[in-house]
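# Architecture at a glance
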Amino acid sequence: MGPELKIGFLGAGKMALALARGMAKAGLVRPENIWASDPVENARKQFTSEGAGKAISSTAEVAKFATVLVVAVKPDQVNEVLADLKKEFSSDHLLISIAAGVPIARFEAVLGATARIVRVMPNTPALVGASASAFAPGKGAQAADAELVQRLFSAVGLAFQVKESLLDAVTGLSGSGPAYAFLLIEGLSDGGVAAGLPRDVATRLAAQTLLGSARMVLETGLHPGALKDMVTSPGGTTIEGLHELEKAGVRGALINAVRAATEKSKKLGQG
């Protein structure tokens, strides 16, 4: 991979914008070597105005320009993109799909069993360079393709290689997880307001608390339970709060949320 890497995003929405900007900022690809296609004019205008690269309406033209293609559309739009892409796709292309729930086999059925395909599940914190991504190479993908995907998605956060069968679980956990985290922040903020704090202070305290806690898990390598125990003094305030969370079934609800989102991801892939 060098400065002449050319990337084409098939879909110019927020995730494509975040990935394009992150990859360019990391020096992995020059902005002038990033193109995107999207039928929606406003999406194209935003992609261009925010300096992510060039945006046009033609999927075929993007495929002619770029050697790395990123399918960045909703699952129900994948078949339309593939129909537009099929004539231009060749063995020179690496196709990366971030369409939730859509299996590699769906792409291979249209582009061929030897097509170089890597399926990726990123999440929206890519917008701030803090994505949690997992990827799975298809049968036709080469070792260099997996290495490239690792580098590209590490530019906007963390990236892990997993078996494709696990990507639905990744979708249920980190793909949908930001929404769970936002709900927690909102709930903590509401609690702060109920206890007398101004809303803006409560929200910032809640957000910073989750941010700092996440960094402690990642940087110390300690089990979350061990870190929890470090905060929980005998007979103190924290154990009282934890008791209420356990009575409300928060832990079980989070487990159920991940499992439910995982099952939904599997159903999307069958469409």
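A few points on the structure. These numbers come from a predicted model, not from an experiment.

### Regarding the pattern of salt bridges
This model, assessed by the stated rule, comprises 15 salt bridges. For Glu41, the salt bridge identified is with Lys45, shortest N-O distance 3.4 Å. Of the two residues, Glu41 and Lys45 both sit in helix α2 (residues 41-49), 4 residues apart, roughly one turn of that helix. Judged by relative accessible area, which is 43%, Glu41 ranks as partly exposed. With a closest N to O distance of 4.0 Å, Asp229 and Lys228 form a salt bridge. A residue is classified by how much of its surface remains accessible, and Lys228, at 37% relative accessible area, is partly exposed. In the salt-bridge network here, residues are joined through shared partners; they are Glu4, Arg30 and Glu32.

### Some remarks on the pairing of strand β1 (residues 7-10)
Side chains of β1 alternate between two faces, with Ile7 and Phe9 and Gly8 and Leu10 buried alike. Inspection of the sheet shows β1 paired to strand β2 (residues 34-37) by 4 bridges, in the parallel sense. Across the sheet, residue Phe9 finds its bridge partner in β2, namely Ala36. Once the chain exits β1 it traverses helix α1 (residues 14-25) before rejoining the sheet at β2, and the crossover so formed is right-handed.

### Regarding helix α9 (residues 199-220)
The terminal C-alpha atoms of α9, which comprises 22 residues, lie 31 Å apart, in line with the 32 Å expected from a rise of 1.5 Å per residue. Just downstream of α9, Gly221 is the residue with a positive phi angle, here 75 degrees.

### Overview of the packing of aromatic side chains
Per the stated rule, a full pass over the model turns up 2 aromatic pairs. Here the aromatic rings of Phe9 and Phe47 are separated by 6.3 Å at their centres, their planes lie at 55 degrees, and the arrangement is tilted. Taken as a pair, Phe9 in strand β1 and Phe47 in helix α2 lie far apart in primary sequence, 38 residues in all. Classification of Phe9 as buried rests on a relative accessible area of 0%. Residue Phe47 is classed as buried on the basis of its relative accessible area, which comes to 0%. Here the aromatic rings of Trp35 and Phe65 are separated by 4.1 Å at their centres, their planes lie at 5 degrees, and the arrangement is stacked. Residue Trp35 is found in strand β2, and its partner Phe65 is found in helix α3 (residues 59-65); the two are separated by 30 residues along the sequence. Here Phe65 falls in the buried class, since its relative accessible area comes to 18%. Here the basic side chain of Lys54 rests over the ring of Trp35, its NZ or CZ set 4.2 Å away from the ring centre.

Calculation criteria
- Residues numbered from 1 in each chain as written.
- Predicted model: local features only at pLDDT ≥ 70, side-chain atom pairs only at ≥ 80, totals over all residues.
- Heavy atoms only, no water.
- Salt bridge = Lys/Arg side-chain N within 4 Å of Asp/Glu carboxyl O.
- Helix = DSSP H or I, 4+ residues; strand = E, 2+ residues; numbered from the N terminus.
- Buried < 20%, exposed > 50% of the residue type's maximum accessible area, 1.4 Å probe, protein only.
- Pairing = 2+ DSSP bridges.
- Right-handed = clockwise from strand over helix to strand, strands pointing away.
- Expected span 1.5 Å × (residues − 1).
- Phe/Tyr/Trp six-rings, centres within 6.5 Å; stacked < 30°, edge-to-face > 60°.
- Lys NZ or Arg CZ within 6 Å of the ring centre and 35° of its normal.

The quantities given are spatial measurements derived from coordinates; they are silent on function.
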